[in-house]
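# A closer look at the structure
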Amino acid sequence: MDHPDLEQRLSRLEHRLLTLEDRAAVENLMARYAFYFSAGQGRRIVPELWSRDDEASLEYGASGVYRNLWKVKTFYVNAEIPGYLQTCTLASQWLKISESGTEARGAWMAVCTETDAGDLSAQPPTEGDQRRILLSSRTENGQAYRAEVLLQKYEVLFRKEEGQWRIFRLHVSEFFRCPAGSDWVRYAKTRQVTDGMWLESLFETPDPIPSFENLPNGPTTYHWQYDTDALPELQFPLED
Amino acid sequence: MVKKDYLAFIGTNSVRGSQGIYSLRLDGETLRPELLATHQVYNSGALTWGGRRLYAASEGMTFKGKADGGAHAFACDAAGILTETSAQRSFGQRTCAIAVDPRGKNLYGANFYQGTWVAWPLDENGDLLPARLSVAPPEEAGPFRALHCVEAIGDDYVAVISLAECALVVYRASNGERVTSFVFPGHPFCRYLAVRDRMIYAMMQDPGDIYVFRSDPEKKGVLTLLQTISVQEQPLAHYATTTLRFTSDGALLIAAARENSTLTLFSVQADGTLARKQILPLPGQAPRDFAITPDGRAVVTCLQKTDEICVHRIESETLLDTGWKLSIPSPAAAAITMLDETLRSTRRDT
């Protein structure tokens, strides 16, 4: 005996269940991302969490778009220095699974910390190194280091590849960053001076790269960061 | 007669312990370079001396908190100490080339990303005023809108090398009106420009060919191709050329190529065409830029990959190694002036 209504209901329920399973899988994917990122496991992030498609891309602040997996990898394999610590806590999740169940879009707020032990590390930067300007904190005896707090936004496009959800596009925006002992208003102008050299350092890697230079493939798509005369913007469409 | 010293500026990428822009004195007799001072500035990928100010392109992704490029102007004293006197954004990221027009009224900048070129008026001190013009490539240029170089053609026209269009494009300097263009055949990767009077020399990064044009911008559409000549004797798989510069008398033109780390010296014929005179292997890798002293006696070359600069002298239309080198992390840009000119300009300012 046929029960078309029941079959339709079952089909809808099955679709909803699959969508919920997809949501859970994407949530776990991003949780793994945050834990790997915060535990110095950058080398695992691209092989385990990112798309296998070489067109995958990452954009960080005003970095421009780094496309190709080897370029994305340089972002994660760049700081295996004792005393260096990055942490990332994702919150305020917005997530949408496509009807087809093959793509998803998500956005998160991220509360983060970044530490470069500087003079306190086993490999302190040389006295003349331009990037010492980034070492914004000082110990009582004058040793320079960097300990910053950040508020970020993660926007992610996911793809399901061979049954696994993977990151295909990642755009990280920064609302602000500032030394832990300062604040984002006081630090806004100093940040403007140091932004560029800091940004470029994010994509340096001790590993060999297959090209002469590691430059972005394209310009910044959009960028906003706190300044004393700036108004916040909603830059990511949140349609349910 | 005692030869005057030179003041050289080396811009660096912000890597490998770089300290920004390095000011050097080159001994007028021996050409020996000596470090005078460093100035912390981020990613100064192109430099030019404008008579009263040193201009530095900000070849990064951010400028003063914006996703933008820009340019800085610096006053300089005889001790090589730089003081930033002005800075302006460029309305495009990775400002990769800058050029001052002959009368010193404008600084032009080319942005690798967004493919815009920009005109900053210069005030009486040579300081940068906000851009009066930002010129975008045409919509049909497609999404990759990169420019690689900009030069002034006299005071009235501007030439750019457009990667997006694979073309040399000439604009009117006053209003950014597009005047004419030449699309390079075979889609080479185009790189750099040198302009002298009405002659335009456009160099491809790969393959390493130089296109020699006579221009007559008043006659709309007129760019006459006179010659195409390679920077190498024998074809190479890659050239990776970088910079093309004249000696101040216009008699010689020098081109740099990274792949085999050479400088190629051309003599300029009466009709503006080039004759290749010398291909000089350099004592280090990846000549990203070089500068020629105003009197045409010496060349300072940035060896980006080996973290040093080297000095050659020019004698009888030949480049000769002086043996002088100086360690500088990731040198990427060079400019030179006479040390006394710097002193004069400083006195005028103060």
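Thresholds, definitions, all that
Residues numbered from 1 in each chain as written. Chains lettered and ligands numbered in written order. Predicted model: local features only at pLDDT ≥ 70, side-chain atom pairs only at ≥ 80, totals over all residues. Heavy atoms only, no water. Helix = DSSP H or I, 4+ residues; strand = E, 2+ residues; numbered from the N terminus. Buried < 20%, exposed > 50% of the residue type's maximum accessible area, 1.4 Å probe, protein only. Contact = heavy atoms within 4.5 Å. Rg over C-alpha atoms; globule rule 2.2 N^0.38 Å. Areas by Shrake-Rupley, 256 points an atom, 1.4 Å probe, with all protein chains shown as cover. Lys, Arg positive; Asp, Glu negative; His and termini not counted. Charge placed at Lys NZ, Arg CZ, Asp CG, Glu CD. 1 Å grid on protein atoms, 1.4 Å probe; cavity = no way out; pocket = protein on both sides within 12 Å on 5 of 7 lines; lining within 4 Å. Points joined across faces, edges and corners; volume = space filled by probe spheres on them. Nonpolar A, V, L, I, M, F, W, Y, C, P; charged D, E, K, R; others polar. Pairing = 2+ DSSP bridges. Axes fitted to C-alpha atoms, helices over the stretch in contact; angles between N-to-C directions. Salt bridge = Lys/Arg side-chain N within 4 Å of Asp/Glu carboxyl O. Buried area = accessible area lost by both parts, 1.4 Å probe. Polar contact = N/O pair within 3.5 Å; in protein donor to acceptor, adjacent residues only side chain to side chain. Expected span 1.5 Å × (residues − 1).

A word on the overall build of chain A. Along chain A, the regular secondary structure elements total 4 helices and 7 strands. For chain A, the N- to C-terminal ordering of α and β elements is α-α-β-β-α-β-β-β-β-β-α. Of all 240 residues assigned to chain A, the portion counted as buried reaches 44%. Counting only contacts in chain A whose residues sit at least 6 apart along the sequence, the fraction spanning at least 24 positions is 67%.

This part covers the overall build of chain B. A tally of helices and strands in chain B yields 1 helix and 28 strands. Taken over C-alpha atoms, the radius of gyration comes to 19 Å for chain B, in line with the 20 Å a tight globule of 350 residues would show. For chain B, the spread of C-alpha atoms along the principal axes amounts to about 50 × 45 × 40 Å. Taking all 350 residues of chain B together, the buried fraction comes to 63%. The long-range fraction of contacts in chain B, counting pairs at least 24 apart against all pairs at least 6 apart in sequence, stands at 48%. Surface exposure of chain B reaches about 12,700 Å², of which carbon and sulfur atoms provide 49%. Between the averaged position of the 35 positive side-chain charges in chain B and that of its 38 negative side-chain charges there is a distance of 1 Å.

Here the focus is unusual backbone geometry. Here the amide bond leading from B:Asp206 into B:Pro207 is cis, since omega sits at -10°, within 30 degrees of zero. With respect to the helices and strands, the residue B:Pro207 is situated in the loop between β17 (199–206) and β18 (209–215). Unlike most non-glycine residues, A:Glu162 shows phi in positive territory, near 50°. Structurally, A:Glu162 can be placed in the loop between β6 (144–161) and β7 (164–179).

The subject of this paragraph is empty space enclosed by the protein. Residue and element names in this part refer to chain A. Under the criterion given, the structure shown has 5 cavities of 30 Å³ or more. Computed from the structure, the largest cavity encloses a volume of approximately 60 Å³. Residue lining of the largest cavity: Leu134, Arg146, Glu148, Arg177, Tyr187, Arg191, Thr194, Asp195 and Trp198, and that is the complete set. Counting residues per element, the ones that place at least two in the lining of the largest cavity are β6 and α4 (184–201). If one sorts the elements of the lining of the largest cavity by residue count, α4 sits on top with 5 residues. For the lining of the largest cavity, the residue count by class is 3 nonpolar, 1 polar and 5 charged.

This part covers the sheet that holds strand β1 (residues 6–12) of chain B. All names here are of chain B. Strand order in this open sheet of 4 strands is β3-β2-β1-β28, and the pairing throughout is antiparallel. What marks the edges here is a single partner per strand, and that holds for β3 (33–39) and β28 (331–338). The average undirected angle you get between the axes of adjacent strands in this sheet is 25°. Across 5 bridges, the pairing between β1 and strand β2 (residues 21–26) is antiparallel. Following the sheet pairing, alanine 8 is matched in β2 by leucine 24.

Okay, the pattern of salt bridges next. Oppositely charged side chains are able to pair whenever their charged atoms sit close together. A complete count under the given rule lists 36 salt bridges over all chains for this structure. The closest approach of N and O atoms between A:Glu103 and A:Arg159, which form a salt bridge, is 3.9 Å. Taken together, the residues span a long stretch of sequence, with A:Glu103 in strand β4 (residues 103–116) and A:Arg159 in strand β6 at a distance of 56 residues. Classification of A:Arg159 as partly exposed rests on a relative accessible area of 24%. Of the charged contacts, one joins B:Glu165 and B:Arg178 as a salt bridge, the two residues approaching to 2.6 Å between their closest N and O atoms. One end of the pair, B:Glu165, is in the loop between β13 (157–162) and β14 (167–172); the other, B:Arg178, is in strand β15 (residues 178–183), with 13 residues separating them in the sequence.

Our focus in this paragraph is the interface of chain A and chain B. Taken together, the contact pairs 24 residues of chain A with 25 residues of chain B. Regarding the contact of chain A and chain B, the summed buried area is about 2,000 Å², with carbon and sulfur atoms giving 50% of it. Along the contact surface separating chain A from chain B lie 0 salt bridges. Our enumeration of links across chain A and chain B arrives at 3 residue pairs in polar contact (both at pLDDT 80 or more). Tallied by class, the residues present in the side of chain A that touches chain B amount to 7 nonpolar, 11 polar and 6 charged.

Let's shift gears to the pairing of strand β5 (residues 54–58) of chain B. All names here are of chain B. Along β5, 5 of the 5 residues are buried, which leaves the element largely enclosed by surrounding structure. Across 5 bridges, strand β4 (residues 44–49) lies against β5 in antiparallel orientation. The residue bridging serine 44 from the neighbouring strand is serine 58, located in β5.

Another aspect to go through is helix α1 (residues 4–38) of chain A. All names here are of chain A. Taking 1.5 Å as the rise per residue, α1 with 35 residues should run 51 Å; its terminal C-alpha atoms sit 51 Å apart, in good agreement. Every buried residue of α1 is accounted for by Asp22, Val26, Leu29, Met30, Tyr33, Ala34, Tyr36 and Phe37. Packing partners of the buried residues in α1 comprise α2 (42–49), α3 (69–76), β3 (85–97), β4, β6 and β7. Positive backbone phi, approximately 65°, marks glycine 40, located one or two places after α1.

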